[in-house]
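Each chain, letter by letter, is given below.
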2 protein chains.
Amino acid sequence: MERKNFQRWSQDERRQSLLEATLACVAEQGLEGATARQIAQRADVTAGLIRHYFGSKEKMVQAAYELLIGELTHAAKCAAEADGGEPQAQLARFVVANVTPPNLSAGKVSLWATFIGRVRTDPGYAAVHRDSYREFLVALEALIHPVLVAHDRKATPACCSRYAIALNALIDGLWLEGSLDHGLYDVGTLPTIALAAAEGILGLPADSLAGAISTTDNRS
Amino acid sequence: MERKNFQRWSQDERRQSLLEATLACVAEQGLEGATARQIAQRADVTAGLIRHYFGSKEKMVQAAYELLIGELTHAAKCAAEADGGEPQAQLARFVVANVTPPNLSAGKVSLWATFIGRVRTDPGYAAVHRDSYREFLVALEALIHPVLVAHDRKATPACCSRYAIALNALIDGLWLEGSLDHGLYDVGTLPTIALAAAEGILGLPADSLAGAISTTDNRS
DNA sequence: CTCACTGTTATACCGTCGTATAATAAATAC
DNA sequence: GTATTTATTATACGACGGTATAACAGTGAG
């Protein structure tokens, strides 16, 4: 029998490749269908490498979850800080980034949901979720505060915290249903809906967020 | 060997019992950990009954998903229609019902997320999700419309639809993070946050929703 | 009380799971 | 070139998955 020809990759490349294959398999077939053999096949290696690089399949899956969450929050934060601009524009870009591709993605929401299902009973997943959620809230509060002061609005920490919780929920919900793309409405309208709702939640005048980034996306 | 003593139940009771056992197992261990043998043990029967009543394990799991979704939407709708009252009170009760027990539940959100993870690639789950989401949106629109007219606000169908999408996202997000109960804030404040945000999204005066149901929950 | 019906149990089967182990070959050092 | 290292493959093993089948027992009809 012919033994397969192979190439030695760097440890980082191999780990990354395996993690991406893991996410791809979990997204398509859930945690139950993502078997060690399938993941290995997708990464074009044999299943033994999983043990070699991660010790066990379970550890690899958890590492893949951390990778996914990191990518999601990183993309949103980058969009906000992209090019400074006024506070309203930064917050608006942050919101919009979460309801447009690449964050708006059926594959990513499938992954996210699958992992969320394990948060309740698996401490490892719970820790990753809590940390990422906190990071998201903190980022939102930091974006909200300057917007409030720019509008001469009360901006106590408690106040910003409540706004961040509500805004995060709005973003999560729109991202979720939009990504699933059930065809009940046009996902292209999500940025408009999201910004209008965000203005309402924060008690800002109409278009104070949408107007701050309308240069690129003029659609009135 | 002693054969187990058993009792013949009605078909409905047996099916219901198996479906509840399925949900319990999936909530605790995910789809991968919820094996036919474990589910059967939890329902205090042997695994063969799954085939007898549902044909296969997969069909039973899907039926359990439908049961869960039905319970969730039914509970929220009942809370709204509980005792008529003015439109603001009905909408407020609907919102609050989704961010308080029994809908606010770590087990239910775990289940919901686990199943959502399969919506993308499994047509059966996708259909159940789309139908339930549409039902939720329609219910919200029906609750929103009379509130808008009561406040002499524009209430076109398109307008109500956008409001419903945003409000649904807010509710989903708060329900989700609140149920996971990561300890980052007190879930007891969720109704207040939810109602204030809902007022903002709909452009209603402050306390127009919260005030409508403050008789039982006076906390100002 | 007896019998037939069928809900339910017990068991066996085959496939696949995760992973441990040994053989192999690609890369590196000299 | 040769030796050495170790990343990678190939294979085997025990456990467990879903489910098909046959035996059993609770239930109601006569």
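What you are looking at is a predicted structure, and each value in this text was computed from that prediction instead of being measured.

Asks: Quick question: what am I supposed to make of the protein's contact with DNA strand C here?
Replies: Close contacts around DNA strand C come from 27 residues, with R8(A), A36(A), R51(A), K57(A) and Y53(B) the closest. Restricting the count to atoms of DNA strand C within 4 Å of the protein gives a sugar and phosphate share of 69%. Counting only elements with at least two residues in the surface near DNA strand C, the list comes to helix 2 (36–42) of chain A together with helix 3 (48–54) of chain B. Sorting elements by how many residues they give to the surface near DNA strand C places helix 3 of chain B first, with 3 residues. Among the residues making up the surface near DNA strand C, the classes are represented as 9 nonpolar, 6 polar and 12 charged.

Asks: I'm lost on the interface of chain B and chain A in this one. Help?
Replies: Interfaces are often sized by the amount of accessible area the parts lose when they come together. Residue-level contacts link 41 residues of chain B with 41 residues of chain A. Buried surface at the junction of chain B and chain A, both sides included, amounts to about 3800 Å², of which 70% is carbon and sulfur. The tally of links between chain B and chain A comes to 2 salt bridges. Where E32(B) meets R118(A), a salt bridge forms, and the shortest distance between an N and an O atom there is 2.2 Å. Joining chain B to chain A, the criterion identifies 8 residue pairs in polar contact (both at pLDDT 80 or more). Top element by residues in the side of chain B that touches chain A is helix 8 (residues 157–180) of chain B. It accounts for 12 residues. Of the residues assigned to the side of chain B that touches chain A, the class counts are 21 nonpolar, 11 polar and 9 charged.

Asks: Can you help me understand helix 9 (residues 190–202) of chain A in this one?
Replies: Working note: α-helix, 3.6 residues per turn, so residues spaced by three or four point in the same direction. The end-to-end C-alpha separation of helix 9 of chain A is 18 Å, in line with the 18 Å expected for 13 residues at 1.5 Å each. Counting buried positions along helix 9 of chain A gives 11 out of 13 residues, so the element sits mostly inside the fold. Among the residues making up helix 9 of chain A, those that are buried are L190(A), P191(A), I193(A), A194(A), L195(A), A197(A), A198(A), E199(A), G200(A), I201(A) and L202(A). Those residues of helix 9 of chain A that are buried are in contact with helix 5 (87–97), helix 7 (123–150) and helix 8 (157–180) of chain A together with helix 8 and helix 9 (190–202) of chain B. One or two steps after helix 9 of chain A, the chain reaches G203(A), where phi turns positive at roughly 70 degrees.

Asks: Is there a simple way to explain unusual backbone geometry in this structure?
Replies: Leave glycine aside and you will find that most residues have negative phi; peptide bonds, for their part, are mostly trans. Cis peptide bonds are those with omega within 30 degrees of zero, and the linkage from P101(A) to P102(A) qualifies with 5 degrees. With a phi angle near 70 degrees, D207(B) is a residue other than glycine that sits in the positive phi range. With respect to the element layout, D207(B) can be found in the segment after helix 9. For D207(B), a relative accessible area of 53% translates into the label exposed.

Asks: Help me understand the pattern of salt bridges, please; the structure alone is not making it clear to me.
Replies: Side chains that differ in sign of charge can pair as their charged atoms come close. Applying the stated criterion to the full structure yields 10 salt bridges over all chains. D44(A) is the salt-bridge partner of K4(A), the closest N and O atoms lying 3.6 Å from each other. Linking K4(A) in the segment before helix 1 (11–33) with D44(A) in the loop between helix 2 and helix 3 (48–54), this pair joins segments that are 40 residues apart in sequence. Among the residues examined, K4(A) registers a relative accessible area of 44% and is labelled partly exposed. In this structure, the salt-bridge partner of R134(B) is D131(B), at a minimum N-O distance of 3.3 Å. One end of the pair, R134(B), and the other, D131(B), are both in helix 7 (residues 123–150), 3 residues apart, so they sit about a helical turn from each other. For D131(B), a relative accessible area of 42% puts it in the partly exposed group.

Asks: It is not clear to me how the side chain of S208(B) should be interpreted in this structure. Could you clarify?
Replies: All names here are of chain B. Considering the arrangement of structural elements, one finds S208 in the segment after helix 9. A polar contact of 2.7 Å, which involves the side chain of S208, links it to the backbone oxygen of P205. Ignoring any residue separated from it by four or fewer positions in sequence, one finds S208 in contact with Q88, H151 and E199.

Asks: In this structure, what is going on with the UniProt feature "DNA-binding region" (unreviewed entry) in chain A? I would like to understand it.
Replies: Under the feature "DNA-binding region" (unreviewed entry), the UniProt entry names residues 35–54 of chain A. When the span residues 35–54 of chain A is considered, its composition is 70% helix and 0% strand, and the gap between its end C-alpha atoms is 15 Å.

Asks: Just checking my understanding: could you explain the protein's contact with DNA strand D for this structure?
Replies: If you check the shell around DNA strand D, you find 26 residues, and the closest are Y53(A), R8(B), A36(B), R37(B) and R51(B). Here, DNA strand D places atoms within 4 Å of the protein, and 69% of those atoms are sugar or phosphate. With respect to DNA strand D, the backbone of Q7(A) contributes an N or O atom lying 3.4 Å from a phosphate oxygen. Within the side chain of R37(B), one N or O atom sits 2.7 Å away from a base oxygen of DNA strand D. When contributions to the surface near DNA strand D are tallied by element, the ones reaching two or more residues are helix 3 of chain A together with helix 2 (36–42) of chain B. At 3 residues, the largest contribution of residues to the surface near DNA strand D is made by helix 3 of chain A. Residues that form the surface near DNA strand D fall into these classes: 9 nonpolar, 6 polar and 11 charged.

Rules used in this analysis
Residue positions are given per chain, counting from 1 as you read along its sequence in written order. Here chains are named by letter from A upward and ligands by number from 1 upward, in the order in which they appear as written. Side-chain atom pairs in this predicted model are given and counted only at pLDDT of 80 or more, local residue features only at pLDDT of at least 70, and totals for whole chains, interfaces and linings cover all residues. For the side-chain quantities, the full set of heavy atoms in the structure was used; hydrogens and water were omitted. Nearness is judged by heavy atoms alone; a residue qualifies as near a molecule or strand once a single heavy atom is within 4 Å of it. Helix and strand assignments come from DSSP, with helices taken as H or I runs of at least 4 residues and strands as E runs of at least 2, each series counted from the N terminus. Note that Gly is not counted as nonpolar here; it falls among the polar residues with everything else outside the nonpolar set of Ala, Val, Leu, Ile, Met, Phe, Trp, Tyr, Cys and Pro and the charged set of Asp, Glu, Lys and Arg. Contact definition: two residues touch when any of their heavy atoms are within 4.5 Å. Summed over both partners, the accessible area lost on bringing two parts together, with a 1.4 Å probe, is the buried area. Within this document, salt bridges are pairs made up of a side-chain nitrogen of Lys or Arg and a carboxyl oxygen of Asp or Glu, the two lying within 4 Å of each other. Polar contact criterion, stated in full: a pair of N or O atoms within 3.5 Å, where within protein one must be able to donate a hydrogen and the other to accept it, and residues adjacent in sequence count only if both atoms are side-chain atoms. Here a helix's expected span is defined as the number of its residues, less one, multiplied by 1.5 Å. Accessibility here uses a 1.4 Å probe with only protein chains present; expressed as a share of the type maximum, an area under 20% marks a residue as buried, one over 50% as exposed, and anything in between as partly exposed. UniProt positions are given in the numbering used here, feature names are shortened, and annotations may be inferred rather than shown by experiment.

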